[in-house]
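Per-entry structural report
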Amino acid sequence: MATVHINGAAVDIGDEKLNLVQAAKKAGVEIPSYCWHPALSVVASCRMCLVEVGEKKPDGTVAMQPRVVPACQTPAKDGTVVNTISEKSKYAQERTLESLLLNHPLDCPVCDKAGECGLQDYTFRYGRATTRMIEEKNTPPNKDYIGDNVTLFTDRCIMCSRCVRFTREISGTSELQILNRGHHAEIDIFPEEPLNNKLATNVVDLCPVGALCSKDFLYKQRVWFLKTQQSVCADCSTGCSTHLDYNKDIVYRLRPRDNPQAQGHFMCDEGRLDYEYVNAKERFQQPLARVEGKLTPQAWEKLGPQIRSELVGLARKKGDAIGAVLSPFLTVEEAYLLAKLMKSIAPKARLYLGYVPVRGKDDQYPQDRQGNPVGPAKFTIRAEKCPNRRGVEAVLRQLQGEVLPFETAVRDAGNGTLQALFVTAGYSPNAGQWYQTAQLESLKKTPTLIVQDLMPSTLSAEAKYVIPAATWAEKDGVFVNHANLAQAIHWAVRPGWFGRTDGQVFADLMERRGLLNAEGLRKELAAEIPALAPLAGNLGEQGVKLR
Amino acid sequence: MTEFEPVLLKRISKKASPSLDAYRADGGYRALTKALNEMTPAYVVDSVKASGMRGRGGAGFPCGVKWTFLPKDHPGPIYLCINADESEPCTFNNRILMEEDPHQVLEGVVLACYAIGAKTAYFYLRYEYGRAYRALQKAIDEMYAAGLLGKNIMGKGLDCDIFLHRGAGAYICGEETGLIESLEGKRGWPRIKPPFPAIEGAFRKPTIVNNVETMACVTHIIDRGADWFKSIGVPPDPKNPRDAGSYGPKLYCISGHVNNPGCVELPLGVTVRELIDKHGGGVWKGRKAKGVIPGGISMGIMTEAEFDTPLDFNGPGKVGCLGLGTAAITVFDDQTSIVDVLYGIARFFAHESCGQCTPCREGTGWMMKILDRMRKGLGRVEDLKILDDVAKSIGIMPGTTICGLADGAGWPIKNAVQKFRSELEEYIRKGERSTAASLQMVGAH
Ligand SMILES: Cc1cc2nc3c(=O)[nH]c(=O)nc-3n(C[C@H](O)[C@H](O)[C@H](O)COP(=O)(O)O)c2cc1C
Ligand code: SF4
Ligand code: SF4
Ligand code: SF4
Ligand code: FES
């Protein structure tokens, strides 16, 4: 057990291997830092974290070192004494910040990072309010094309080298480098070798300042207008924890949220940039029913009971003539409700797992320049392009005893076994086309085809009823990733004019009263499904592992 | 006092041939023969330790002590790197040794490899030294042909290879970990320590980095014994408990405004005045000196009044300088503007800062810009405070940067602001301007 003394307060850090930045954080003390990042190698070059340190001897006396040390490079040991507010420490911090601003353009009013910028924040907290420099600043050229998704405002760079280390150590692709020396050093790519690896935009999050910016987000919103919700990426079974940044019912940005249990610190560009469809105008706004051959808007208050009684009627004739396809984009709660709905109408109702999109192989990083994985995996984009196959399967296994694949639903529809089929979809564009033309031909043979989806498709065009679906940005619930980690997502924006999530639709059809409460529902399903028992508890920010 | 008889420059002063045969005829490779026949590696290490010889590369770390920092019983490989980057302005002692008497250096290299258990030595040579490159390569070829390199040297089972590696021309690649990074094919960015190179150096293996002149000294220590070496130079200063003494002969470079610039060998401890007057032929054009830049330009500035300071490892510190450095003095006469001297120095460091540490990267550039403005007659008295403050934060306050380049950049500024304050203030007040003349002096790299 080790005790570290930070600004006079003793903190027990146990057996953890921490540097002084981390140890101080435990004591609630911030040591400003730029170049250090827990996922990258230590270079201790920005010199932002300089502090005075010493050692507390067993006899209680303290011997301070004459030199300041970088806190990020200094391990916290038993008896380490740190003073972050001594004259020397404060002087060093102030001088480093003054240095960083010498050649900085101070164009905060037009900088995307303003409001969440490390240079602004630390200058405010540890720097000086005025400049002593009257010299002309260096003005290296901005590089608007260093990659498809990233742009570089060279003059804002503080040369922390995080971006360079990311491409060397995490993606492995090494596109970024530093050109020139001294105060003329600048970040660049090699000619004709743009920063286009699949993890590229992480450098934007890593960049402490507004040097590297996301082209997708650039000039869309001032960050102080954004609100943030905890979410999980739906684009593959890795299930990266995310921050979902939104304002006035529009999703503006996804950022990775640190989660050692899930993906770590980063996310891939595919997942990050695949949110536009949430905001898309083409989405269904109201439920539709076929009237005189044409899909026509209906009031849900009328349509819901109509669908229910139709299902009940058909099931009365033949129990296993009704079925539902449970999309792997449904939350666990939704899958549970839909399964319960169908089974409550007819215990023999057939439940199918929706199409599970798989593309290529798991894509593991770091990779060499040829695209071969090297060394231990630091990030993996998974081939399975959906967020919750495992969660839906757990529900199916319990409530039906087996998992029937999507192909079986297609077969049963094609051979006339099914009189009614409730197909949920909600696939993200990244998942790709989720049924083939031949499958469409089979599915449309079902007399009562109910399609719940985001946007019009050739399948919804054949449906008898169409119900708008909601995305992950609009609902509360749980996704279970490839490693059986159950993580909570939270709603940030409202699901269009229709205003109901998929879960709410199922609850309405079950004639459950009132608004859906995901947490309450989890307690209920956890009691019923042993495999999902851990969902009864608090999922926290990092989720819980199922067995 | 009898004239000191040169040791390192002995053959060079006689214009002896640099060939292997000539070197052998003058007693060359006697030390190596003796070591391989009579001494264990540990004995060689102990001898160098006992000689008290401090590294000649600038930092003055006791050579034998450094060798003992290697991990014991390491399975290898262990590497030796010879630092022949010699980029410190006004420093050319390594160059003379390599060009004129390469075997003297290379014998030391093989001895050092034997002592520390290295089978491979990388000779890191600055690119601009074409003549030294050719001389060294020729000498290395001769050694291979004579069985002095390669496998089973002198039939004594010692294996040793020397690779001559040319740098691409950057001052920072003389810093030992910058050198190692460059050797590995990377950008010459000094590493953070620990680990020190002796534990984890080139290619992540234990590595010793030594200067060229250090290697030449090793040859003579083994040839003539530690006691002989210790009989030359200056014992530790009793008033300075951290002084480890300044033993042995040293090559001093004299340049700038003197009549006879050049390189001389003298026992450590000669004064600046003696170097200028006796060996440099006095200040040029009959003028008086205003000051010298000792130890290359990284060690600070001495005024004329401080010229009686002995140039050993302990002396310069007594007058506020950083240390002995490379023992190269650059004289500037009383007509030289101190602003020009400082601008030349600042320009060098701004150009050579590798740029990874914020204070050094930005501070060196800022100091240069301020001094440039001063030279244009636009200085302000408050600039002196800023210069002093920047110098303090880029190395003078210990720990602020990764490597010693920043100290070197800060020290001359700090010294000048203190020692030449009235001249600087007057220059600013009068709005004086400068011409480019004195730039040539401080090696405008
Ligand atoms: C910026 C900088 C440049 C240096 N350049 C050289 C050099 O050119 N040659 C050299 O021998 N040492 C140079 N050094 C010192 C080396 O880091 C190292 O101390 C030396 O090579 C060790 O050799 P020695 O123990 O034999 O003196 C430099 C140090 C710094 C900080
Ligand atoms: S671009 Fe950003 S992340 Fe990269 S070195 Fe500059 S400040 Fe750091
Ligand atoms: S790796 Fe998978 S879960 Fe993570 S961001 Fe990419 S698509 Fe989303
Ligand atoms: S002190 Fe200067 S030269 Fe040395 S590592 Fe830091 S930036 Fe580079
Ligand atoms: S965070 Fe410690 S030196 Fe950069």
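Further up the page is the structure itself.
Tallying secondary structure elements over chain A gives 14 helices and 24 strands in all. In terms of its C-alpha atoms, chain A occupies a principal-axis envelope of roughly 90 × 55 × 45 Å. In chain A, once contacts between residues fewer than 6 apart in sequence are set aside, the share between residues at least 24 apart is 67%. Accessible area of chain A: about 22,700 Å², with a carbon and sulfur share of 52%. If you average the places of the 67 positive and of the 63 negative side-chain charges in chain A, the two averages end up 3 Å apart.

This brings us to the overall build of chain B. Along chain B, the regular secondary structure elements total 18 helices and 12 strands. A compact globule built from 445 residues would reach a C-alpha radius of gyration of about 22 Å, and chain B, at 22 Å, matches this within 12%. Counting only C-alpha atoms, chain B reaches 75 × 50 × 45 Å along its principal axes. Evaluated residue by residue, chain B yields a buried proportion of 63% over its 445 residues. Nonlocal contacts in chain B, meaning residues at least 24 apart in sequence, comprise 70% of its contacts between residues at least 6 apart. Total accessible area computed for chain B in this model is approximately 16,600 Å², and 52% of it derives from carbon and sulfur atoms. A distance of 2 Å separates the average location of the 54 positive side-chain charges in chain B from that of its 51 negative side-chain charges.

Residues and elements named next belong to chain A. In spatial order, the strands read E14-E13-E21-E20-E19-E15-E16; together these 7 strands make up an open sheet with mixed pairing. At either margin of the open sheet sits one strand with a lone partner, and together these are strand E14 (294–297) and strand E16 (350–353). Averaged over neighbouring strand pairs, the angle between their axes works out to 20 degrees when direction is ignored. Here strand E19 (residues 420–424) runs beside strand E20 (residues 448–453); their pairing, made up of 5 bridges, is parallel. Residue pairing across strands places Phe422 opposite Ile450, the latter belonging to E20.

Here we take up the layout of surface pockets. Residues and elements named next belong to chain A. Each pocket or cavity is described by its volume, and for the second largest pocket that value is around 1,700 Å³. What lines the second largest pocket is a set of 50 residues, and nearest its centre among them are His37, Pro38, Arg162, Asp205 and Asp258. Class assignment for the residues of the lining of the second largest pocket results in 22 nonpolar, 11 polar and 17 charged.

On to the interface of chain B and chain A. Facing 38 residues of chain B, the contacting portion of chain A comprises 36 residues. Counting the surface lost from both chain B and chain A, the interface buries some 3,100 Å², and carbon and sulfur atoms represent 54% of this. Along the contact surface separating chain B from chain A lie 3 salt bridges. Measuring nitrogen to oxygen at the nearest pair gives 2.3 Å for the salt bridge that ties Arg373(B) to Glu135(A). On the surface where chain B and chain A come into contact, there are 22 residue pairs in polar contact (both at pLDDT 80 or more). Elements represented by at least two residues in the side of chain B that touches chain A include exactly helix H14 (338–352), helix H15 (358–375) and helix H16 (381–396) of chain B. Looking at which element gives the most residues to the side of chain B that touches chain A, the answer is H15(B), with 10 residues.

Bridge count for strand E15 (residues 322–326) of chain A against E16(A) is 4 bridges, and the pairing is parallel. Along E16(A), the bridge assignment pairs Ala324(A) with Leu351(A).

Here the focus is H16(B). With 16 residues, H16(B) extends 22 Å between its outermost C-alpha atoms, agreeing within 8% with the 22 Å of an ideal straight helix rising 1.5 Å per residue. Within the sequence span of H16(B), burial applies to Asp383(B), Leu384(B), Ile386(B), Leu387(B), Asp389(B), Val390(B), Ala391(B), Ser393(B), Ile394(B), Gly395(B) and Ile396(B). Those residues of H16(B) hidden inside the fold are in contact with helix H2 (87–102) of chain A together with H15, helix H17 (405–419) and helix H18 (421–429) of chain B.

All names here are of chain B. The environment of ligand 1 is formed by 19 residues, the closest being Gly57, Asn83, Asn210, Asn211 and Thr214. Arg56 places a main-chain nitrogen or oxygen 3.2 Å from an oxygen atom of ligand 1. With respect to ligand 1, the backbone of Gly174 contributes an N or O atom lying 3.3 Å from a nitrogen atom. Summarising the interface, the protein chains cover 89% of the accessible area of ligand 1, which totals 610 Å² for the free molecule. Here the shell around ligand 1 gets 3 residues from one element, more than from any other, and that element is strand E5 (residues 207–211).

The rules behind each value
Residues numbered from 1 in each chain as written. Chains lettered and ligands numbered in written order. Predicted model: local features only at pLDDT ≥ 70, side-chain atom pairs only at ≥ 80, totals over all residues. Heavy atoms only, no water. Helix = DSSP H or I, 4+ residues; strand = E, 2+ residues; numbered from the N terminus. Contact = heavy atoms within 4.5 Å. Areas by Shrake-Rupley, 256 points an atom, 1.4 Å probe, with all protein chains shown as cover. Lys, Arg positive; Asp, Glu negative; His and termini not counted. Charge placed at Lys NZ, Arg CZ, Asp CG, Glu CD. Rg over C-alpha atoms; globule rule 2.2 N^0.38 Å. Buried < 20%, exposed > 50% of the residue type's maximum accessible area, 1.4 Å probe, protein only. Pairing = 2+ DSSP bridges. Axes fitted to C-alpha atoms, helices over the stretch in contact; angles between N-to-C directions. 1 Å grid on protein atoms, 1.4 Å probe; cavity = no way out; pocket = protein on both sides within 12 Å on 5 of 7 lines; lining within 4 Å. Points joined across faces, edges and corners; volume = space filled by probe spheres on them. Nonpolar A, V, L, I, M, F, W, Y, C, P; charged D, E, K, R; others polar. Buried area = accessible area lost by both parts, 1.4 Å probe. Salt bridge = Lys/Arg side-chain N within 4 Å of Asp/Glu carboxyl O. Polar contact = N/O pair within 3.5 Å; in protein donor to acceptor, adjacent residues only side chain to side chain. Expected span 1.5 Å × (residues − 1). Near = heavy atom within 4 Å.

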